[in-house]
Amino acid sequence: MNARALLHSFSPHFRPRGSPPDLSVSKESFGFSLPGLKRREPLHFRVRLQSEEGCGFFHVSVRNSGRGGKVYADVKSEPYDISKSVPESVKFQDSLNDVVLPEGDLESSAPWWEEFPKRWVIVILCFSAFLLCNMDRVNMSIAILPLSAEFNWSPATVGLIQSSFFWGYLLTQIAGGIWADTVGGKLVLGFGVVWWSVATALTPVAAKVGLPFLLVVRAFMGIGEGVAMPAMNNILAKWVPVSERSRSLALVYSGMYLGSVTGLAFSPFLIHQFGWPSVFYSFGSLGTVWFAVWLNKAYSSPLDDPLLRPEEKQLIVANSLSREPVKTIPWGLILSKPPVWALIASHFCHNWGTFILLTWMPTYYNQVLKFNLTESGLLCVLPWLTMAFSANLGGWIADTLVSKGLSVTTVRKIMQTIGFLGPAFFLTQLSHVNSPAMAVLCMACSQGTDAFSQSGLYSNHQDIAPRYSGVLLGLSNTAGVLAGVFGTAATGYILQHGSWDDVFKVSVGLYLVGTVVWNLFSTGEKILD
């Protein structure tokens, strides 16, 4: 027999017909008196029940709920032959039959933070990691101004420093996915945050030693950040049920957008007050705080978490597609699937437009709209704030549609179509607007609808290949990073020989190609086991 009994309570709802049960334990044996139990740790002992017909033993685990003065016992019966001698033990006078309890008093009264879903603790920690990721990435775009003035760097040197991050970032996309799928997301994401945080903190030292050292440190930072997305994708594939996938990924990716806002907002203040090295020292040190919490709270899989509540573990395991770790990567099988190539091609088309908007937008504001960005800080953070809001809105809409019975395939196609056609439409309107305010509105709407992609292609890796989601994200994000590199360079060439309208036409064309490929070949069903 297994049961839970309320042993003692000071609740006003407790109405015994007689005196409370005699439950005394020697302080020398257990170090506590049961009615005054203050400890939260469970204590284990055996209780003998004796009556005129015989006796029986029970294993009892006692704990204090911490609220309302209640003490509970989890009771498990132990077979016992009454013909044998019975050792002296705790006497339990059977007066529980005289106790009348209102319904609900037998339930645990844990604090709210103990009942908060553990899977959302994991999601929030991943959100925090991505917040730090973009804080550490964008701080160089602000600090490069005093740095170049102090060390007399030319514009070409500044461009070399800015691009050195991507050398390492490209190297670890696929490698990070393989590593996460084989050893688990906890270790890989923890490694990534520590690695890029150390590289961030070493940036001032490297800059003062010499340019080659700075380039190496920036590339090392890219190595750390390159594993973050595959590792996050792997761990959420195991922790988050399908019905919550879009919301969780949208929240995590919005951490990147808000990280850019935070970095752009605080970097100028720190540089003005304490000098440019302070940006790298302060931002880099935050990674150690995150890592300490991550080690204590995170697990690669809910099956590895010994403190996870059974009901939540059952919910996750029953509604999650990802199971045991991967031992080998079936490259041939992965690359033979049309939805995989649709994902890779769509990621390329999406990032071409996204990187151009985010990289060249300040130049567009300055050259075309004649804005002074140093005096218009809101315009720097407006697209990031718009994307953060839209990503979470899209995630909520997508999960709502799935919960109402719409197929995952249909939902992914709807959300990604918005993520493609929305930016395409608003970019085509830029050549028709006559005021700077309307141009800014078009740009914000373009990037806002772009963020719906978080519930489209960015959620699709876990749909089609949950066990290989890290590898798959590494593959598609490699194509996405290459699109950013080539697209940024091509935009400079187009502007030398053409106009901004030509730049936008190329982006719109790729958005349309992506829309067709995505709707023809993508799926939301699992294709790789």
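Residues numbered from 1 in each chain as written. Predicted model: local features only at pLDDT ≥ 70, side-chain atom pairs only at ≥ 80, totals over all residues. Heavy atoms only, no water.

**Student:** Would you mind showing me how to read the UniProt feature "transmembrane region" (unreviewed entry) in the chain here?
**Tutor:** UniProt annotation of "transmembrane region" (unreviewed entry) refers to residues 120-140, 160-180, 187-207, 213-237, 249-272, 278-295, 471-495 and 502-521 when read in the numbering used here. When the span residues 187-207 is considered, its composition is 100% helix and 0% strand, and the gap between its end C-alpha atoms is 30 Å. Spanning residues 278-295, this segment combines 100% helix with 0% strand, and its end C-alpha atoms are found 27 Å apart. (UniProt positions renumbered as here; feature names shortened; annotations may be inferred. Helix = DSSP H or I, 4+ residues; strand = E, 2+ residues; numbered from the N terminus.)

**Student:** Teacher, can you tell me more about a nonpolar patch on the surface here?
**Tutor:** Where nonpolar side chains cluster on the molecular surface, the patch consists of V194, V198, L202, V205, V209, F213 and Y281 and spans about 610 Å² of accessible area. Looking at the nonpolar patch, the element that brings in the most residues is helix 5 (residues 185-209), giving 5 residues. As for its placement among the helices and strands, V209 is situated in helix 5. On the basis of relative accessibility, which here comes to 53%, the residue V209 falls in the exposed class. (Patch = residues over 30% accessible without salt bridge, like charges linked within 9 Å, V, L, I, M, F, W, Y side chains within 5 Å. Areas by Shrake-Rupley, 256 points an atom, 1.4 Å probe, with all protein chains shown as cover. Salt bridge = Lys/Arg side-chain N within 4 Å of Asp/Glu carboxyl O. Buried < 20%, exposed > 50% of the residue type's maximum accessible area, 1.4 Å probe, protein only.)

**Student:** I would appreciate a short explanation of the pattern of salt bridges in the present structure.
**Tutor:** A pair can form between side chains of opposite charge whenever their charged atoms are brought close. Tallied over the entire structure, the rule returns 9 salt bridges. With a shortest N-O distance of 2.8 Å, R247 and D399 are connected by a salt bridge. Residue R247 is found in helix 8 (residues 245-274), and its partner D399 is found in helix 13 (residues 377-403); the two are separated by 152 residues along the sequence. Under the relative-accessibility criterion, R247 is labelled partly exposed at 33%. The partner of R309 in a salt bridge is E311, and the shortest N-O contact between them spans 2.9 Å.

**Student:** Whenever I open this one, the packing of helix 6 (residues 211-226) against helix 7 (residues 228-239) confuses me. Can you help?
**Tutor:** Packed helices, taken two at a time, are described by the angle their axes make and the gap between the axes. Packing of helix 6 against helix 7 leaves a shortest axis separation of 5 Å and a crossing angle of 15°. As the angle between them shows, helix 6 and helix 7 are arranged roughly parallel. Listed contacts from helix 7 to G224, E225 and G226 of helix 6 are A228, M229 and P230. Here the residues of the contact of helix 6 with helix 7 sort into 3 nonpolar, 2 polar and 1 charged. (Axes fitted to C-alpha atoms, helices over the stretch in contact; angles between N-to-C directions. Parallel < 35°, antiparallel > 145°, perpendicular 65-115°, else oblique. Contact = heavy atoms within 4.5 Å. Nonpolar A, V, L, I, M, F, W, Y, C, P; charged D, E, K, R; others polar.)

**Student:** Looking at this model, I keep getting lost on helix 5. Mind explaining?
**Tutor:** Note on helix geometry: an α-helix contains 3.6 residues per turn, so any two residues three or four positions apart are oriented the same way. Compared with the 36 Å implied by 1.5 Å per residue over 25 residues, the 35 Å span of helix 5 between its first and last C-alpha is a close match. Its axis deflected by about 45° at T203, helix 5 carries its strongest bend there, up to four residues before the proline P204. (Expected span 1.5 Å × (residues − 1). Bend = angle between axes of the 7 residues up to and from the residue.)

**Student:** Looking at this model, I keep getting lost on the environment of F486. Mind explaining?
**Tutor:** With respect to the helices, strands and loops of the structure, F486 is situated in helix 17 (residues 469-497). Expressed as a C-alpha distance, the spacing of F486 and I356, which sit 130 residues apart in the sequence, is 9.8 Å.

**Student:** Could you clarify how one ought to interpret the packing of helix 17 against helix 18 (residues 500-521) in this entry?
**Tutor:** In the contact formed by helix 17 and helix 18, the axes pass within 8 Å of each other and the chain directions differ by 140°. The orientation of helix 17 relative to helix 18 falls into the category oblique. Read as a crossing pair, helix 17 and helix 18 show a hand that is right-handed. For the pair formed by helix 17 and helix 18, the contact residues are T491, I494 and L495 on the first element and W500, D502, V503 and V506 on the second. For the contact of helix 17 with helix 18, the per-class residue count stands at 5 nonpolar, 1 polar and 1 charged. (Left-handed = near helix turned anticlockwise from the far one by under 90°.)

**Student:** Could you clarify how one ought to interpret the packing of aromatic side chains in this entry?
**Tutor:** How two aromatic rings sit relative to each other is set out by the distance from centre to centre and by the angle between their planes. Evaluated as defined, the whole model comprises 17 aromatic pairs. For the pair F348 and W352, a centre-to-centre distance of 6.1 Å together with 45° between the ring planes defines the contact as tilted. Placement of both F348 and W352 in helix 12 (residues 338-367) is noted, with a separation of 4 residues, approximately one turn of the helix. You can call F348 partly exposed: its relative accessible area is 26%. Each residue in the set F151, W153, W276 and F280 is aromatic and connected to the rest through ring pairs, giving one cluster. When the ring centre of Y169 is taken as reference, the NZ or CZ atom of R137 above it lies at 5.1 Å. (Phe/Tyr/Trp six-rings, centres within 6.5 Å; stacked < 30°, edge-to-face > 60°. Lys NZ or Arg CZ within 6 Å of the ring centre and 35° of its normal.)

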